[in-house]
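# Secondary and tertiary structure notes
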Amino acid sequence: MDSQGRYALNALPLGTYTVTLLRDGRTIDERSNVSLRVGAGTEVSFAAVTNAKELSAVTVSASALPAIDVTGVDSRTVITSEQLAHLPLARNAEAIALLAPGVIQGSGYFTGPTGGSVVSFGGSAVTENAYYINGFNTTDPLSDFGGFTLPYGAIDQQEILSGGYGAAYGRSDGGVISQVGKRGTNEWHFGAQVLWTPAFARGDQRDIVFMRGADRGKLYNDNAHERSWTTVVSAYAGGPLIRDKLYLFAAVEAERRQGNTISSTDSPQNTRYRNDYPKWYAKLDWNITDSNILEVTGASTKRSYSADLYDYDYATGKTGARTGAATSTKTGADLYIGKFTSYLTDALTFSAMYGRMDGTYYSQIDNRYPSIGRLYSAKKQNPALNGGHTIASPQTLGKVDDPTHTSRNTNLRLDLSYRLGAHTLSAGIDNQTIDDINDGTKMVDPGYAWEYNKGNPNTPIAAAPGADNYVAAPGSYPGGATGYYVAKYRRYGGGSVRVVQRAQYVEDSWQVSDRWLVKLGLRNDQFTNYNPGGEPYLRLTSPQWAPRVGFSWDVDGDSSFKVYGNAGRYYLALPATVAMRQAGAPLYTRQFFTYTGIDANGQPTGLTPIDTGRGLGAPISVNREYGQPHDPKMVGAVNLKSEYQDEYILGFDHKLGDAWVYGAKATYRNLRNAIDDFSDSGAIAAKMDRMGIDRSTYDADAISGAYLFNPGRTNILKVAKLAGGYYEVPMSTADFGFPSGLKRHYYGLNLYLEHPFDGTWYGKVDYLFSRSYGNTEGQVRSDIGQTDVSATVDWDYWQVMEYANGELSNSRRHQLKAYGSYQLTPEWMLSGNLLVMSGAPRSCLGYYGPQETNPGLAYSGGYYHWCAGKVSRPGDAGHNPWQYTLSVSAEYRPAWAGKKLAFNVMVYNLLNNRVVTQTSPFYGSTGGENPYYMTAVDQSQPRYVRFGVSYDF
């Protein structure tokens, strides 16, 4: 208790409690139905009681929630299990997160570890978030795309942190999705639920058509004939194994999704699939003594995919004979956590948590065409050789994964909290180790794929004569007179790697006065990444100080008006899979040919090899990835620093009468440092020439084509000497040739109005105006679907960064979100969820300059910020359409069944608003138009209806 008479009870398990005031053993006053929310303070006031601060004790024996939490300085949204049971949402953590302001759906190119969607927080890349279950970090251990989450019915609360969180947590500069699972109580409860989403009640997706060229308006992908249906069965049980001492809660869920997808005219087939998602969760809570608590959690989430493949005839729209099976996969994770909490004294609390998560990534290949290569960009075949109609390949397999791939993630946390007068002091460690075992990819037999393309017949396909990556013009070779050529594409990489992450933190929550609270925190992270040979290729272990400062001002002293602010720095580690390309021994090559024919399987015939900088028909790798092991000292800059972001928040919350709360919040984020790869080894050799280093003393061809570096800073790179040792080459922004340094800025202004639940209804409306702009999205690129974390096309060479500054892919200028529930009668509950959002910015990427050339490393396809010979910055091509999604649900709990039986129906996207949410950005060139430019890549989900029956006892 402090001098103001405040009592603080820290680290209590979540639940609903009764708080009782005692004096001389007698009950003076009592507050019942006090609900605790994760990460938030709950005020229980006894101000009306005379001499309350002289009472002998405050006891907690087991939902009054103040409208404004004056102890919070961060930006968080907490959704409870009661809200989840009613709100019309898809049943996943990301759909829940989308309720929070500033959270948007990620690109359809990206998926989580079990195939689900991913989200972006405040303009950050989708890989820059962190996921937690009961305090354990469950972020995808391979590439940070999403994370593993609980069965939907086992979620007690989901906390969505969109900024300003304390020093105890890190490894995220996007947002945090933290789930707390349910726990048993002193009463036994059982329940079961069946959900059905039938195909007949699902709206049709729109067909995708070509948007330009000779095929404009013609069908590219038949989506309207795709069907799907889902069934979910779940059950739970919870209660006391020993009353007041030992509690159990367990839940299981089995979800099955079935349907068909029709692939594009490039490779037409009808895939009839089945996805099974078995999940379980169990938690034991043991009150060992009044001062010691042990929690043991187990959870599992899996996805099993299988599919049969059938021919599909676009001319007739009919499905033909079965041609085989798709690659079957089984992915998922098993999680086990133990947490011990000890209230050592009234002021001192200690907790220790250790957990382990084992991941599985199994795939089973059914390759029915081992002698036939897959085709990429088949639409670019020479029409003089295919009769004017694209000839597809029956081979649908390209790059496949190692079937023995697994992962192991361990997390140890030790936390100590001590209350000293007006200060609550916290300190701890947060250690995580990730082992990525047998992670690798290869091309299926025949070991390659074909890429058709077209260029200017008299212009080199890549670079200029004399360059290592030079590829001659196709016009002087048989079949190349009109600019058509083909590339044989090979890719391989793999191994076992490890990432070790350590962190320490201290924090002071200082109640300066009865109205002012200040939180001061400091975190230090260390990251070490190991290559497949067990050698560290990144040691980011120098102090990485991340200060966090926040305040809360209870203006009127009665929790009715709060002004708060926060400033903090957030560091981000590199995930395990970065080592596969950057530090392993990857192979990533193309051989170029002209051709004079195309066979019945779409394979080029009459091949003539094209001259390259490495010899006639020799394979070319623009990143110099020819299967040789990378020297760990030549993987990254000597002075490499971790990615980090600074964030500033200022806002207020205010009561409006007795039933409403409104507020505003301004957020600014500045990405101060990032890690990406630089691939122009010629620029490094040129700097060595300027330094006077004799080229005979080193092998210029051995300079790495994929250095990890910090854009916008001077990076010191090592180059091996032939006689042993290394040269150290300082490369400034000017040496790299970039027009500017790193830029990613986000600002947002959020306005909200909320009506807390009063026994009848609850509602909240959020409006956000925001913008994300700069020259880098972050670790990945949404516009082109590049999943290579910190190894994107950005920064590979200076030409691809010219005019790169603009509105970034995860920017949405306007977002309106509204959701709530209304208890129409004691038996009927109605709920709704509305999203109105402006579209994503579009980009147009073409060949370089007014003459539309392909300089520098000359990547195939044209990644330059030029379109039809004119400058085209990100967002200059306009925006995708606005998205309007209204979802509703109704639940009926009849009194004749004691309100234990419930019938519910949910309609997602009631108005069936279907819009394109992403398009292909590749323009090609004026002389070689890309028919895929502006073709839809992703669309919003059409209407579907979900029926449910549940019973709770």
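One numbering rule holds for all chains: residues counted from 1, following each sequence as written. In keeping with the model being predicted, local features are shown solely for residues with a pLDDT of at least 70 and side-chain atom pairs are shown and tallied solely at 80 or more, while totals for entire chains, interfaces and linings include all residues. Values reported for side chains reflect all heavy atoms of the structure, with hydrogen atoms and water molecules removed beforehand.

## Description of the packing of aromatic side chains
To keep it simple, the criterion reads: When the centres of two rings from Phe, Tyr and Trp lie within 6.5 Å, Trp using its six-membered ring, the rings pair. Their planes under 30 degrees apart give stacked, over 60 give edge-to-face, and anything left gives tilted. Here a helix means four or more residues in a row that DSSP labels H or I, a strand means two or more in a row labelled E, and each is numbered from the N terminus. Working definition: with a 1.4 Å probe on protein chains only, accessible area under 20% of the residue-type maximum means buried, over 50% means exposed, and in between means partly exposed. Our definition puts a charge over a ring when NZ of Lys or CZ of Arg is within 6 Å of the ring centre and also within 35 degrees of the ring normal.
As enumerated under the stated definition, the model contains 49 aromatic pairs in all. Geometrically, the ring pair formed by Tyr 571 and Tyr 644 is tilted, given 5.1 Å between the ring centres and 40° between the ring planes. A residue pair is termed long-range when its members are at least 10 positions apart, and Tyr 571 in strand β30 (residues 561-572) and Tyr 644 in strand β37 (residues 643-656) qualify at 73 residues. In terms of burial, Tyr 571 and Tyr 644 fall into one category: buried. Aromatic pair Tyr 863 and Phe 922: ring centres 5.2 Å apart, planes at 85°, arrangement edge-to-face. With Tyr 863 in the loop between β48 (845-846) and β49 (866-867) and Phe 922 in strand β54 (residues 922-924), the pair connects residues that are 59 residues apart, well separated along the chain. The burial state of Tyr 863 is the same as that of Phe 922; both residues are buried. A connected cluster of aromatic rings, assembled from ring pairs, spans Tyr 797, Trp 798, Tyr 803, Tyr 848, Tyr 859, Tyr 863, Tyr 864, Trp 866 and Phe 922. The residue whose ring lies beneath Lys 182 is Tyr 236, and the NZ or CZ to ring-centre distance is 5.9 Å. Across the ring face of Tyr 564, the terminal group of Lys 562 is positioned such that the distance to the ring centre comes to 4.7 Å.

## So, the state of the cysteines
For the record, the criterion: Note on terminology: disulfide denotes any pair of cysteine sulfur atoms within 2.5 Å.
What the rule picks out here adds up to one disulfide. Disulfide pairing is shown between Cys 844 and Cys 867; the S-S distance is 2.0 Å. Negative torsions about the S-S bond denote left-handed disulfides, and the value of about 60° found for Cys 844 with Cys 867 makes this one right-handed. Of this pair, Cys 844 sits in the loop between β47 (828-837) and β48 while Cys 867 is found in strand β49, placing the two residues 23 residues apart along the sequence. The pair formed by Cys 844 and Cys 867 is uniform in burial state, with each residue classed as buried.

## What to know about the confidence of the model for the chain
Our working rule: Each residue carries a pLDDT score, the predictor's confidence in it, ranging from 0 to 100. Note on definitions: a residue-residue contact is assigned when non-hydrogen atoms from the two residues lie within 4.5 Å.
Taken as a whole, the chain shows an average pLDDT of 91; of its residues, 93% reach a score of 70 or greater. Below pLDDT 50 for its whole length, residues 57-65 participates in 27 contacts with residues either more than four positions away or in separate chains.

## Some points on the nonpolar core
To keep it simple, the criterion reads: Remark: nonpolar core denotes a set of buried residues (Ala, Val, Leu, Ile, Met, Phe, Trp, Tyr, Cys) joined through side-chain atoms within 4.5 Å.
Counting residues in each nonpolar core, the largest one holds 65 residues, and the members touching the most others are Tyr 537, Ile 684, Met 688, Tyr 698, Ile 703, Leu 708 and Val 719. Among the elements of the structure, β26 (484-511), β28 (536-540), α4 (578-582), α5 (681-690), β40 (707-709), β41 (715-720), β42 (726-731) and α7 (798-801) are those that each provide at least two residues to this core. Per-element accounting of this core gives the leading share, four residues, to α5. The next biggest cluster of nonpolar side chains, apart from the first, holds 35 residues, and it includes Ala 97, Ala 100, Ala 251 and Tyr 819.

## Description of the pairing of strand β9 (residues 155-163)
Inclusion rule: Two strands form a pair only when DSSP identifies at least two bridges running between them.
When you tally the buried positions in β9, you get nine out of nine residues, the bulk of the element. With six bridges connecting them, strand β4 (residues 75-80) and β9 associate as antiparallel partners. Across the sheet, the residue bridging to Ile 79 is Gln 158, located in β9. In this structure, β9 lies alongside strand β10 (residues 176-181), joined through six bridges in antiparallel fashion. Along β10, the bridge assignment pairs Gln 158 with Gln 179.

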